[in-house]
Amino acid sequence: MDLRIFTEPQQGATYDTLLTVAKATEDLGFDAFFRSDHYLSMGSADGLPGPTDAWITLAGLARETNRIRLGTLMTAGTFRLPGVLAIQVAQVDQMSGGRVEFGLGAGWFEEEHKAYGIPFPKEKIARLEEQLEIVTGLWATEAGQTFDYHGTYYDLTKSPALPKPAQPKVPVLIGGHGATRTPRLAARFADEFNMPFGSIEDTVRQFGRVRDAAREAGRDPGDLVYSNALVVCVGKDDQEVARRAAAIGREVDELKTNGLAGSPAEVVDKIGRYTETGSSRIYLQVLDLHDLDHLELISAQVQSQLS
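Residues numbered from 1 in each chain as written. Predicted model: local features only at pLDDT ≥ 70, side-chain atom pairs only at ≥ 80, totals over all residues. Heavy atoms only, no water.

Caption draft 1: How the structure looks around the overall build of the protein chain. Helix and strand content of the protein chain: eleven helices and twelve strands. For a compact globule of 307 residues, the expected C-alpha radius of gyration is about 19 Å, and the protein chain comes in at 19 Å, within 12% of that figure. Overall, the C-alpha framework of the protein chain stretches about 60 × 45 × 35 Å when taken along its three principal axes. Across the 307 residues in the protein chain, those meeting the buried criterion constitute 54%. In the structure as shown, the protein chain presents an accessible area of about 13,500 Å², 49% of it carried by carbon and sulfur atoms. In the protein chain, 31 side chains carry a positive charge and 43 a negative one; their mean positions are 4 Å apart. (Helix = DSSP H or I, 4+ residues; strand = E, 2+ residues; numbered from the N terminus. Rg over C-alpha atoms; globule rule 2.2 N^0.38 Å. Buried < 20%, exposed > 50% of the residue type's maximum accessible area, 1.4 Å probe, protein only. Areas by Shrake-Rupley, 256 points an atom, 1.4 Å probe, with all protein chains shown as cover. Lys, Arg positive; Asp, Glu negative; His and termini not counted. Charge placed at Lys NZ, Arg CZ, Asp CG, Glu CD.)

Structure below.
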């Protein structure tokens, strides 16, 4: 089981804070550092000092880390034109020496679009499919050839399809709870399917849909990596768990039901239950980015048991 650190900087984090967490991620032996792609805080968080851009952040981290994979859960398809996004991701992949993984979603948080003047189209899933076709098509076009695409929402003519990523193929992540269109997109485009904040029962159901969609598309379901994203709150004892839950404005019982919370032994046991669903990777949603002792505990007493 790979453990990856997943952050939500829109809730309030500077680049320097994210850099500190990314370096801890690398030093403590975690597999990757991922971040969300949002411009507005959610819930009661004030979001101060303000949002950071996902791909600008990852570009900086690409030059200041050496081993960990870097990516998004998920890049909002509403934020960027697909041709521009293909350039951005390819450049960051070059800057990192080939360590980028590309999660792309349709975009869903209407309020942040209103707050920053970003169009929020109704037909988001159909646009997402075209975006995936364009980004992956640009990367796959042989050097010296051009790429054309004439869709409903986007039109590209004689694109040089440059630059190319450092990796021969940037891993593409698709995720979500959608019962029909999401599995079909995953079967067509994804190297990894991610189930965000789902129960074990929901995970079993959704992984099954993705596997069925892969078979229908003539693809081996075993070609995909299956993963989960879950909030994490671990403590050496009940008091430490309660303190960490309070720091992120959550209740212990709710966290134990909906995430990975409790003692290291409890969390290892629950991860084992997700492993039985076919999940081989978990993105640990870390909400208190200043509690590096939390990461150290997870590394020493959870990750060590899984490896």
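Caption draft 2: Structural detail: unusual backbone geometry. Put simply, Leu-48 and Pro-49 share a cis peptide bond, and its omega is 10 degrees. Mapped onto the elements, Pro-49 comes out in the loop between β2 (32–35) and α2 (54–64). For the peptide bond that leads from Leu-162 to Pro-163, omega is 0 degrees, which places it in the cis range. Within the secondary structure layout, Pro-163 lies in the loop between β7 (155–159) and β8 (172–175). Despite not being glycine, Ala-161 has its phi angle at roughly 55 degrees, a positive value. By secondary structure assignment, the location of Ala-161 is in the loop between β7 and β8.

Caption draft 3: Structural context of the packing of aromatic side chains. Applying the stated criterion across every chain yields a total of eight aromatic pairs. Ring centres 5.6 Å apart and planes at 70 degrees place the aromatic pair Phe-102 and Trp-139 in the edge-to-face group. Highlighted residues: Phe-102 in strand β5 (residues 100–105) and Trp-139 in helix α5 (residues 124–140), separated in sequence by 37 residues. For the pair Phe-102 and Trp-139, one class covers both residues: buried. Pairwise contacts between aromatic rings join Tyr-39, Phe-79 and Tyr-116 into one cluster. Across from the ring centre of Tyr-226, 4.5 Å away, lies the NZ or CZ of Arg-211, which sits over that ring. (Phe/Tyr/Trp six-rings, centres within 6.5 Å; stacked < 30°, edge-to-face > 60°. Lys NZ or Arg CZ within 6 Å of the ring centre and 35° of its normal.)

Caption draft 4: A look at the pattern of salt bridges. Enumeration over the complete set of coordinates arrives at 20 salt bridges. Of the charged contacts in the structure, one is a salt bridge between Arg-80 and Asp-37, with a shortest N-O distance of 2.8 Å. On the criterion of sequence distance, the pair formed by Arg-80 in the loop between β4 (75–76) and α3 (82–96) and Asp-37 in the loop between β2 and α2 is long-range, its members being 43 residues apart. Of the two residues, Arg-80 and Asp-37, both sit in the buried class. In this structure, Lys-114 engages Glu-111 in a salt bridge whose closest nitrogen and oxygen atoms are separated by 3.7 Å. Of the two residues, Lys-114 and Glu-111 both sit in helix α4 (residues 110–116), three residues apart, roughly one turn of that helix. (Salt bridge = Lys/Arg side-chain N within 4 Å of Asp/Glu carboxyl O.)

Purely geometric stuff here, so don't read any function into it on its own.
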